[in-house]
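# Coordinates in review
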Amino acid sequence: MNKKKIGFLTGFFILLFVGFYFALTRLVPGFGSPALPVLSRVPSFSFANQEGRRITDKDLAGKVYVAEYFFTTCRGICPRLNINMKKISGDYAGEADFRILSYTVDPETDSVGRMKHYADSLGADPQRWWFLTGRKDSLYHLARNGYLLDDPKNNALNINEQFLHTQFLALVDKSGCVRKIYDGLKKDELDELEKDITVLLKEKADAPRFANSLNNPG
């Protein structure tokens, strides 16, 4: 076989490989991109939503969701956060396997009735966007040890003296694992969040785990 023919065949197979790789990036979700790592597994929880319905981690099995913490009387970052969450809710309104969970950090004020009034003011779909309230220590423990939205060391403080206030959001996959944290006030991170939601919606619930966290299951 002469050099000209070898060169032609080499070039042909290189083009074939490049074309095959490009096709996979278009057809296979996440192919060619680094997999989102697993940061933690969300522990079991049980809280009441704005309709008075008991919501547990089992209701999220097989669902991708975004978790945030806020309080209804907030006049600072919370209204801006929830305007952004409303956009995300609208963008994924047609996705049966997507949810938003908005936990209160002030359960003494944020009763089920107050949460419903707040949710209704945003036009939130009670089937897809849940505003959750319950015991303060349980809410804060979940924020820190499950969603990683605050320093777990703060659990050592007197719960009555604590007040959690964060602009960060946690993205959770179909297996109940936190895959990434985002700043809910930054447009570029919100755009990235939506891209990642789309990727996780196409993952299977039993997708391989790529974790290295102390909170990692297994």
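Scroll up to find the structure.
What this report covers is the structure whose coordinates are included nearby.

Here we come to the sheet that holds strand S8 (residues 177-183). The strand order across the open sheet formed by 6 strands is S1-S8-S7-S4-S5-S6, and the pairing between neighbours is mixed. Each of the sheet's edge strands pairs with one partner strand only, and the pair in question is strand S1 (40-41) and strand S6 (129-132). Strand direction decides the pairing type here: strand S7 (residues 168-172) and S8, joined by 5 bridges, are antiparallel. By the bridge assignment, Ala170 is partnered in S8 with Ile181. On top of the sheet, helix H2 (residues 77-91) reaches strand S4 (64-70), strand S5 (98-104), S6 and S7; it is set at about 165° to S4, its chief contact.

Another aspect to go through is the side chain of Thr104. As for its position among the elements, Thr104 is in strand S5. Judged by relative accessible area, Thr104 falls into the buried class, the value being 0%. Among the polar contacts listed, one links the side chain of Thr104 to the backbone nitrogen of Asp106, at a separation of 2.9 Å. Within polar-contact distance, the side chain of Thr104 engages the side chain of Asp110 at 2.5 Å. Those residues in contact with Thr104 that sit more than four places away from it in its chain are Tyr69, Phe70, Phe71, Asp110, Met115, Leu132, Thr133 and Leu139.

This part covers unusual backbone geometry. Even without being glycine, Leu148 reaches a positive phi, approximately 60°. Mapped onto the fold, Leu148 is located in the loop between helix H4 (136-146) and S7.

With that out of the way, let us pick up the packing of aromatic side chains. Counting across every chain of the model gives 13 aromatic pairs. Look at Tyr65 and Tyr147: their rings are 6.2 Å apart centre to centre, the planes differ by 90°, and that puts the pair in the edge-to-face class. Taken together, the residues span a long stretch of sequence, with Tyr65 in strand S4 and Tyr147 in the loop between H4 and S7 at a distance of 82 residues. Tyr147 shares its class with Tyr65; the two are buried. Aromatic ring contacts, followed pair by pair, group Phe45, Phe47, Tyr65, Tyr69, Tyr103 and Tyr147 into a single cluster.

Judged by nonpolar contacts, the single largest core of 52 residues is most densely connected at Phe45, Tyr69, Tyr103, Tyr147 and Ile197. By residue number, the principal contributor to this core is S4, which donates 6 residues. Among residues more than four places away in sequence, those in contact with Tyr69 are Leu81, Tyr103, Thr104, Val105, Leu139, Leu142, Ala143, Tyr147, Leu149, Leu164 and Thr166.

In this model, H2 (15 residues) spans 21 Å end to end at C-alpha, consistent with the 21 Å of a helix rising 1.5 Å per residue. Regarding H2, the residues found buried are Ile77, Cys78, Leu81, Asn82, Met85, Ile88 and Ser89. Each buried residue of H2 sits inside an arc of 115° when the element is viewed along its axis, so together they form one side. Those residues of H2 that are buried lie in contact with S4, S5, helix H3 (112-121), S6, S7 and helix H5 (187-202).

Parameters at a glance
- Residues numbered from 1 in each chain as written.
- Predicted model: local features only at pLDDT ≥ 70, side-chain atom pairs only at ≥ 80, totals over all residues.
- Heavy atoms only, no water.
- Pairing = 2+ DSSP bridges.
- Helix = DSSP H or I, 4+ residues; strand = E, 2+ residues; numbered from the N terminus.
- Contact = heavy atoms within 4.5 Å.
- Axes fitted to C-alpha atoms, helices over the stretch in contact; angles between N-to-C directions.
- Buried < 20%, exposed > 50% of the residue type's maximum accessible area, 1.4 Å probe, protein only.
- Polar contact = N/O pair within 3.5 Å; in protein donor to acceptor, adjacent residues only side chain to side chain.
- Phe/Tyr/Trp six-rings, centres within 6.5 Å; stacked < 30°, edge-to-face > 60°.
- Core = buried A, V, L, I, M, F, W, Y, C linked by side-chain atoms within 4.5 Å.
- Expected span 1.5 Å × (residues − 1).
- Arc of directions from axis to C-beta.

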